[in-house]
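The primary structure of each chain is shown beneath.
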Amino acid sequence: MSTTTDLKRLIRPYALQPKTATSIARLEIMRLDHPTDLQPVIYEPAVCLVLQGAKRAVIGEKVLAYGEGDYFIAAAEVAALGRISAATPDEPYLALTLLLEPQVIAGVLLDLPRGIEPPVSSGFYTSTADSKLLDAWLRLVSVLERPDEAAVLAPMIEREILFRLLQGPSGVLLRQIAGSDNRLSSIRKAMAWLRQHYAEPVRVEQLAGIAGMSPSVFHKHFKDVTALSPIQYQKQIRLHEARRQLSQAPVDAAGVAFSIGYESASQFSREYKRLFGASPVQDAKQLQSLIG
């Protein structure tokens, strides 16, 4: 019996919702019974291990496809389009997500030889998990059945998972996440500012100042991490916020457009439909009917 088969067997009693938080800190279980359309999403810094089914993600101009036994890492709050491409009620999409905590990664790095700071890479990575990494995941999930042991063993096994990832090609991303003053950290400061001030006009020079870089260096590193320009990233944040507002209030597409920083309601409507596949009014009605 394969390790992924054992993992699927262990998580099935817990995988009752699309996303289920577990008793282990930062560990979540994903389950979807049907394929989905492309949906906008902002990935949190996390590693996701697919146990069954398959997923596709479009990040900027890059398309990633990953399935059973593969893992995906996001090192920053990357804006993407994602879809479950293979899932059925009998064989649902199943995945484990471990949110990445910089302090925990830094603690593992303290026990490793200090290397040269790597160049800024893209903010995401996908690969196939080897047997040692899968075995560590299996032991982490196994302690869900033994809650009296989880408090002691889960943090130790989490460190082992991070150690395995640090030893492979994805180690570049994890080392960047752990840094307190490195370039990825600086780019994330600018990304956080954009998420907090999405409705305000912004200049690249202003963001570069927040990151402590020259505009040309900042623009390059920002696109390396997110696969988007700063303005494109801000647009994604604005449209995500617009969808949130439209799902919760009576439909006033023009009012929402102006509240998130658009000066033209028609431009907002065009860009909203391009991202979400429906006009703001149509999408809002669909969302509100789903919410009930």
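Data block above holds the structure.
A few points on the structure. (Residues numbered from 1 in each chain as written. Predicted model: local features only at pLDDT ≥ 70, side-chain atom pairs only at ≥ 80, totals over all residues. Heavy atoms only, no water.)

### Some details on unusual backbone geometry
The backbone of Arg26 sits at a positive phi, close to 75°, despite the residue not being glycine. Residue placement: Arg26 occurs in the loop between strand E1 (19-21) and strand E2 (27-32). Positive phi, close to 65°, is recorded for Ala227, a residue that is not glycine. The residue Ala227 is located in the loop between helix H8 (215-226) and helix H9 (230-248) in this model. (Helix = DSSP H or I, 4+ residues; strand = E, 2+ residues; numbered from the N terminus.)

### Some points on helix H1 (residues 3-11)
Restricting attention to buried positions, one finds in H1 the residues Thr4, Asp6, Leu7, Lys8, Leu10 and Ile11. Contact partners of the buried residues in H1: E2, strand E4 (46-52), strand E9 (93-99) and helix H3 (131-142). (Buried < 20%, exposed > 50% of the residue type's maximum accessible area, 1.4 Å probe, protein only. Contact = heavy atoms within 4.5 Å.)

### Observations regarding the nonpolar core
Within the largest apolar cluster, 95 residues are counted, with the highest numbers of intra-cluster contacts made by Leu96, Trp137, Phe218 and Phe268. When near neighbours in sequence (up to four residues on either side) are disregarded, Phe268 contacts Leu239, Ala242, Ala253, Val256, Ala257, Ile260, Tyr262 and Pro280. (Core = buried A, V, L, I, M, F, W, Y, C linked by side-chain atoms within 4.5 Å.)

### A word on the pattern of salt bridges
Taken as a whole and assessed by the stated rule, the structure comprises 16 salt bridges. Among the salt bridges present, the one from Glu271 reaches Lys235, with a minimum N-O distance of 3.3 Å. Of the two residues, Glu271 is situated in helix H11 (residues 265-276) and Lys235 in helix H9; the sequence distance between them amounts to 36 residues. Here the salt bridges do not stand alone but share partners, grouping Asp135, Arg139, Glu160 and Arg164 into one network. (Salt bridge = Lys/Arg side-chain N within 4 Å of Asp/Glu carboxyl O.)

### Things to note about the layout of surface pockets
If you add up the space inside the largest pocket, you get close to 690 Å³. Surrounding the largest pocket, 26 residues form its lining, Lys19, Met30, Val41, Tyr43 and Lys55 being those nearest its centre. Put simply, the parts of the chain that give the lining of the largest pocket at least two residues each are E2, strand E3 (39-43), E4, strand E7 (70-74), strand E8 (78-86) and E9. Considering every element that reaches the lining of the largest pocket, the biggest residue donor is E3, with five residues. Here the lining of the largest pocket is composed, by residue class, of 16 nonpolar, four polar and six charged. (1 Å grid on protein atoms, 1.4 Å probe; cavity = no way out; pocket = protein on both sides within 12 Å on 5 of 7 lines; lining within 4 Å. Points joined across faces, edges and corners; volume = space filled by probe spheres on them. Nonpolar A, V, L, I, M, F, W, Y, C, P; charged D, E, K, R; others polar.)

### Overview of the sheet that holds strand E10 (residues 124-128)
Strand order in the open sheet made by the six strands is E1-E2-E9-E4-E7-E10, with antiparallel pairing throughout. Taken across any chain shown, the strands that pair with only one partner, and hence form the sheet edges, are E1 and E10. Across the sheet, the mean angle from the axis of one strand to that of its neighbour is 20°, orientation sign disregarded. Across the face of the sheet, helix H4 (residues 147-167) comes into contact with E4, E7 and E9 while running at roughly 95° to E9. (Pairing = 2+ DSSP bridges. Axes fitted to C-alpha atoms, helices over the stretch in contact; angles between N-to-C directions.)

### Observations regarding helix H2 (residues 102-109)
Every buried residue of H2 is listed here: Val104, Ile105, Val108 and Leu109. Down the axis of H2, the smallest arc covering the buried residues is 145°, so these residues share one side. Residues of H2 that are buried make contact with H4 and helix H5 (171-178). (Arc of directions from axis to C-beta.)

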